[in-house]
Amino acid sequence: MKQQEKTQRTQERILAAALVEFGEKGYGAASINVICAESQIPKGLLYHNFKSKDDLYLQCVKLCYNQMTEYLSSQERAFHNTSEDTKMLLALRQRFFSDHPHHANLFFRALLQPPKHLLSQLKEVRRDFDSFCITHYRNTLAGLSLRDGITEEMALEYFTIFMEMFNGYFQSKADQGSDYKTLMKAHEEKLLEILDMMLYGIVKQN
């Protein structure tokens, strides 16, 4: 086996163990020693492949976002630029989480309880995922008639602000010690409901 292949397999073993550890315990409580034991990799070899705990964590989150984005992008045939696309997107997201429970844990840990000193790096790591979501939302808007005075750029800016506020609400709940699994479930249940309200309003128009 070539050295490059050995290195890749070593990194994959480390990432697989780290993804579980970070997902189940969060960044702060995750242990490099446990990751080494689970991957059967000496600590020195782990640090040869990943510079630090921060580096390993960010690579795990990047792997999670990239694989989810790739999956959602591969399902583009399911979207038809209609108001039903958002419901379909969230259903596909749930399917991905169901098939990859460790990814789901890490995704929500990174979303609801991100390490404060890694916020800027996490934003960069999720750039492609955010871009995919914005493109999806833009396509949904293209199939709708916007109110007079509302431009697409205004709607996109509102969407970004809304998502930051929505996620911030659940982050505050996590910081207050709310049950993590309950928060994950509530986040996904409320997301479609709130997106629908954002697009169509809460007041019946005459």
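Model, not experiment: these values are computed from the prediction.

Criteria and thresholds
- Residues numbered from 1 in each chain as written.
- Predicted model: local features only at pLDDT ≥ 70, side-chain atom pairs only at ≥ 80, totals over all residues.
- Heavy atoms only, no water.
- Helix = DSSP H or I, 4+ residues; strand = E, 2+ residues; numbered from the N terminus.
- Buried < 20%, exposed > 50% of the residue type's maximum accessible area, 1.4 Å probe, protein only.
- Contact = heavy atoms within 4.5 Å.
- Areas by Shrake-Rupley, 256 points an atom, 1.4 Å probe, with all protein chains shown as cover.
- Lys, Arg positive; Asp, Glu negative; His and termini not counted.
- Charge placed at Lys NZ, Arg CZ, Asp CG, Glu CD.
- Phe/Tyr/Trp six-rings, centres within 6.5 Å; stacked < 30°, edge-to-face > 60°.
- Lys NZ or Arg CZ within 6 Å of the ring centre and 35° of its normal.
- Axes fitted to C-alpha atoms, helices over the stretch in contact; angles between N-to-C directions.
- Parallel < 35°, antiparallel > 145°, perpendicular 65-115°, else oblique.
- Left-handed = near helix turned anticlockwise from the far one by under 90°.
- Nonpolar A, V, L, I, M, F, W, Y, C, P; charged D, E, K, R; others polar.
- Core = buried A, V, L, I, M, F, W, Y, C linked by side-chain atoms within 4.5 Å.

Colleague: How should I be thinking about the overall build of the protein chain in this particular structure?
Modeller: Each helix and strand counted, the protein chain has ten helices and zero strands in total. The linear arrangement of helices and strands in the protein chain, starting from the amino end, is α-α-α-α-α-α-α-α-α-α. Once the C-alpha set of the protein chain is aligned to its principal axes, its extents read approximately 70 × 40 × 30 Å. Evaluated residue by residue, the protein chain yields a buried proportion of 40% over its 206 residues. Expressed as a percentage of contacts within the protein chain between residues at least 6 apart in sequence, the contacts between residues at least 24 apart total 68%. Summed over all atoms, the accessible surface of the protein chain reaches about 12300 Å², with 51% contributed by carbon and sulfur. Here the protein chain holds 25 positive side-chain charges and 26 negative ones, and the gap between their average locations is 5 Å.

Colleague: How should I be thinking about the packing of aromatic side chains in this particular structure?
Modeller: With the rule as written, the count across this model stands at 15 aromatic pairs. With a centroid separation of 5.2 Å and 75° between ring planes, the pair formed by Y27 and Y57 is classed as edge-to-face. With Y27 in helix α1 (residues 3–29) and Y57 in helix α4 (residues 53–74), this residue pair connects regions lying 30 residues apart in the sequence. According to the relative accessible area criterion, Y27 is buried, its value standing at 17%. On the accessibility criterion, Y57 (1% relative accessible area) is buried. Over the ring of Y27 we find K53; its NZ or CZ atom is 4.7 Å from the centre of that ring. Over the aromatic face of Y180 sits the side chain of R109, whose NZ or CZ is 3.9 Å from the ring centroid.

Colleague: Can you help me understand the packing of α4 against helix α6 (residues 101–112) in this one?
Modeller: The relative placement of two packed helices is expressed as an angle between their axes plus a distance between the axes. In the contact formed by α4 and α6, the axes pass within 10 Å of each other and the chain directions differ by 115°. Relative to α6, the element α4 lies roughly perpendicular. For α4 against α6, the interelement crossing comes out left-handed. Within the contact between the two elements, α4 uses Y57, C60, V61, C64, Y65, Q67 and M68 and α6 uses H103, L106, F107 and A110. Considering only residue class, the contact of α4 with α6 consists of nine nonpolar, two polar and no charged.

Colleague: Is there a simple way to think about the nonpolar core in this case?
Modeller: Where a protein is soluble and globular, its nonpolar side chains tend to be buried together. Ranked by size, the top nonpolar core spans 59 residues in total, and within it F22, I35, L56, Y57 and F107 carry the most contacts. Here this core gets ten residues from one element, more than from any other, and that element is α4. For F22, the contacting residues outside a window of four places in its chain are Y27, A30, I35, K53, L56, Y57, C60, L106 and R109.

Colleague: Would you mind showing me how to read the environment of G168 here?
Modeller: Inspection of the secondary structure puts G168 in helix α9 (residues 152–175). You can call G168 partly exposed: its relative accessible area is 27%. Each C-alpha atom, one on G168 and one on L111, is 9.1 Å from the other, the two residues being 57 residues apart in sequence.

Read these as layout, nothing more, since geometry by itself doesn't imply function.
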